[in-house]
Amino acid sequence: TPIYKLAMYGGKHVRWDPCAGPIRMKLNHGGFLSSAQLSRWETSLTSLASGVATATGLDFAYTGHSTQEPATSHPGGRNAFVDLHIVIAPRGTGLLGYSSNWNRKQWVDTYQSDQWTQLDYAEIWVSTYQATSSTMWSFSKKYFMNYLADAFGLDDLATGIDTEIMSWGSNGSGTPNNPEWGKGDLIGLGRVGASNGCVN
């Protein structure tokens, strides 16, 4: 049986509050994508959002472009415009180190519940090098999926498991050129989903 771990902050598991409204993912591509690349990104984000929504039971969807600047401080609560922000930027800017292709940041509300830490806002940064790569939505898709599940409160899998997306070791139930969520990934996403009720 796959053994998964949920993310922790302040001694509590982390998750979005299903009672605080829809969770909206938007893309700030910064003008770095060609029209064909942008179309592929939007198709892929829509599909991945649908899969996460099904697994978690949360009202989660990709809802288009954003020109919103990345956050430099805690937003102070849930943002009605964008909750999960995908930002494409050159290496060496923002959260991306000089050789980094991926990074993320999350802001939480630790005072909502005795049992859960509420996610207020999350960003996933992807380098222009990675975002425009021919492998972005084939081999590299699993890395984006890892950060996406992390943004919902799913941590890595237990030591020795190398068949799930969250283990960093394999392609879930998919193939190297078409990774898909594995059984353990889906169980974990269900644990941080809507079925646990309101956070507060």
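See above for the structure.
Quick look at the structure, then. Keep in mind that what you see is a predicted model, and the values were worked out from it rather than measured.

Criteria and thresholds
Residues numbered from 1 in each chain as written. Predicted model: local features only at pLDDT ≥ 70, side-chain atom pairs only at ≥ 80, totals over all residues. Heavy atoms only, no water. Salt bridge = Lys/Arg side-chain N within 4 Å of Asp/Glu carboxyl O. Helix = DSSP H or I, 4+ residues; strand = E, 2+ residues; numbered from the N terminus. Buried < 20%, exposed > 50% of the residue type's maximum accessible area, 1.4 Å probe, protein only. Arc of directions from axis to C-beta. Contact = heavy atoms within 4.5 Å. Core = buried A, V, L, I, M, F, W, Y, C linked by side-chain atoms within 4.5 Å. Lys, Arg positive; Asp, Glu negative; His and termini not counted. Polar contact = N/O pair within 3.5 Å; in protein donor to acceptor, adjacent residues only side chain to side chain. Disulfide = S-S within 2.5 Å.

### Looking at the pattern of salt bridges
Next up, step 1: Taken as a whole, this structure holds five salt bridges when the rule is applied.
Next up, step 2: Taking the shortest distance from any N to any O, the salt bridge between K141 and E180 comes out at 3.8 Å. Placement of K141 in helix 3 (residues 141–150) and of E180 in the loop between strand 9 (154–157) and helix 4 (183–191) is noted, with a sequence separation of 39 residues between them.
Next up, step 3: Since its relative accessible area comes to 31%, E180 is described here as partly exposed.

### Considerations on helix 4
Next up, step 1: Within helix 4, burial applies to G184, D185, G188 and L189. Down the axis of helix 4, the sector holding all buried residues measures 135°, keeping them to one side.
Next up, step 2: Looking at the buried residues of helix 4, the elements they touch are strand 1 (4–6), helix 1 (35–56), helix 3 and strand 9.

### Describing the nonpolar core
Next up, step 1: In this structure, W41, F60, L84, F144, L148 and F152 are the most contacted members of the largest nonpolar core, which totals 45 residues.
Next up, step 2: Looking at this core, the elements with two or more residues in it are strand 4 (23–28), helix 1, strand 5 (60–65), strand 6 (84–89), strand 7 (102–109), strand 8 (116–127), helix 3 and strand 9.
Next up, step 3: Looking at which element gives the most residues to this core, the answer is helix 1, with eight residues.
Next up, step 4: With residues up to four places along the chain from it excluded, the contact list for L148 reads M25, L48, V52, F60, L84, I124 and W181.

### Concerning the side chain of E164
Next up, step 1: In this structure, E164 sits in the loop between strand 9 and helix 4.
Next up, step 2: Although E164 is buried, it makes no salt bridge; K183 carries the closest opposite charge, 7.8 Å away.
Next up, step 3: Among the polar contacts listed, one links the side chain of E164 to the backbone nitrogen of K183, at a separation of 3.2 Å.
Next up, step 4: Of the polar contacts made by the side chain of E164, one reaches the backbone nitrogen of G184; its length is 3.3 Å.

### Observations regarding the side chain of K142
Next up, step 1: Its location among the elements puts K142 in helix 3.
Next up, step 2: Among the polar contacts listed, one links the side chain of K142 to the side chain of N171, at a separation of 3.4 Å.
Next up, step 3: Those residues in contact with K142, other than ones at most four positions away along the chain, are I165, S170, N171 and P179.

### Points about the state of the cysteines
Next up, step 1: The final tally for this structure, using the stated rule, is one disulfide.
Next up, step 2: Paired through a disulfide, C19 and C198 show a sulfur-sulfur distance of 2.0 Å. Judged by the torsion about the S-S bond (-80°), the C19/C198 disulfide is left-handed. With C19 in the loop between strand 3 (12–15) and strand 4 and C198 in the segment after helix 4, the pair connects residues that are 179 residues apart, well separated along the chain.

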